[in-house]
Amino acid sequence: MSVLPLVFTSGWASGINAYAVVLLLGVFGATGITDEVPESLQRPDVLIVTGVLFACEAVADKIPYVDSVWDTAHTVIRPVSGAVVGALLAGQSGSLPDLAAGAVGGSTALASHCVKAGTRMAINTSPEPFSNVLVSTAEDLGVGGIISFAMFYPEAAAIIAAVLLVLGLILLYFLISRIRRFLRRRAQRREEKQLAAHSGRPPD
């Protein structure tokens, strides 16, 4: 069986929460639920590190503006993680060239990361924090659910991931105006801090 559906699904999920993907795949492999996961992802040190980083993301991802800073810092990390996981899965399966799997996983992760980061910018134009918590929780549950589903029904999970990715890109298109508003507000705050620093008084 081709590992491509699992590579695509893990790539999509990595763009949202790369640490959750590595952690879940490692746990599924270590517990014998699947033999598609390479041993390098099942190592105890890998599981511990990704578990700690997942906990950090679970907190940072629910705080307004902190989530966007976190997303910016992970603009490279998430696509690279998607590419590495895809290549490792392909190497374990042997049904897909590592380079092709890395390209699929990385590009899919980049696309879903852009959807996630853009959506958070749009949400942060609203002053209340509840939408951040709600969206972050939904993302965590979605990643966990679809990766778990992919262990048993990889083709169906890949179809769901593809539909969610397309819907996310469409939503991102309609949120462009709010994203621009967020970027203008952030640039204005940066300018105010610089002016305050030059004038020697704290910003308002």
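Note that the coordinates shown come from a computational prediction; the quantities given were computed from them, not determined experimentally.

A separate point is the packing of aromatic side chains. Evaluation of the coordinates by the stated rule reveals two aromatic pairs. Residues F149 and Y153 carry aromatic rings whose centres are separated by 5.2 Å and whose planes lie at 40° to one another, so their mutual orientation is tilted. Classification of F149 by relative accessible area gives partly exposed; the value is 31%. Consider the rings of Y173 and F174, whose centres lie 5.4 Å apart with planes at 80°: the pair is edge-to-face. Residue Y173 is classed as exposed on the basis of its relative accessible area of 59%.

For helix α2 (residues 44–60), which comprises 17 residues, the first-to-last C-alpha distance of 24 Å matches the rise-based estimate of 24 Å (1.5 Å per residue) to within 8%. What α2 keeps buried is the set V46, L47, T50, E57 and A60. Across the axial projection of α2, the buried residues extend over an arc of 150°, all falling on one side. Turned more than 90 degrees from where α2 packs its buried face, P44, I48 and V59 sit exposed. Elements in contact with the buried residues of α2: α1 (4–30), α3 (66–73) and α4 (77–93).

What follows covers the packing of α1 against helix α5 (residues 98–123). Where α1 meets α5, the axes come as close as 6 Å, and the angle between the chain directions of the two elements is 35°. The handedness of the crossing between α1 and α5 comes out as right-handed. Across the interface between the two elements, L4, V7, F8, G11, W12, S14, G15 and I16 from α1 touch A101, V104, G105, T108, A109, S112, H113 and K116 from α5. Its residues placed into classes, the contact of α1 with α5 shows eight nonpolar, seven polar and one charged.

Take the nonpolar core next. By size, the foremost hydrophobic cluster in this structure holds 29 residues, and its most contacted members are V3, W12, L25, V143 and I147. Looking at this core, the elements that each hand over two or more residues are α1, α4, α6 (130–152) and α7 (154–174). Per-element accounting of this core gives the leading share, eleven residues, to α1. Every residue in contact with L25, bar those within four places of it in the chain, is listed here: V37, L41, V85, I147 and M151. Counting residues in each nonpolar core, the second largest holds six residues, with M121, A122, I179 and F182 among its members.

This brings us to the environment of A87. In this structure, A87 sits in helix α4. Residue A87 is classed as partly exposed on the basis of its relative accessible area of 21%. Remark: the alpha-carbon pair of A87 and L167, spanning 80 residues in sequence, is separated by 26 Å. In this structure A87 touches D98, A101 and G102, once residues within four positions along its chain are discounted.

Rules behind the numbers
- Residues numbered from 1 in each chain as written.
- Predicted model: local features only at pLDDT ≥ 70, side-chain atom pairs only at ≥ 80, totals over all residues.
- Heavy atoms only, no water.
- Phe/Tyr/Trp six-rings, centres within 6.5 Å; stacked < 30°, edge-to-face > 60°.
- Buried < 20%, exposed > 50% of the residue type's maximum accessible area, 1.4 Å probe, protein only.
- Helix = DSSP H or I, 4+ residues; strand = E, 2+ residues; numbered from the N terminus.
- Expected span 1.5 Å × (residues − 1).
- Arc of directions from axis to C-beta.
- Contact = heavy atoms within 4.5 Å.
- Axes fitted to C-alpha atoms, helices over the stretch in contact; angles between N-to-C directions.
- Left-handed = near helix turned anticlockwise from the far one by under 90°.
- Nonpolar A, V, L, I, M, F, W, Y, C, P; charged D, E, K, R; others polar.
- Core = buried A, V, L, I, M, F, W, Y, C linked by side-chain atoms within 4.5 Å.

Purely geometric numbers; function is a separate question.
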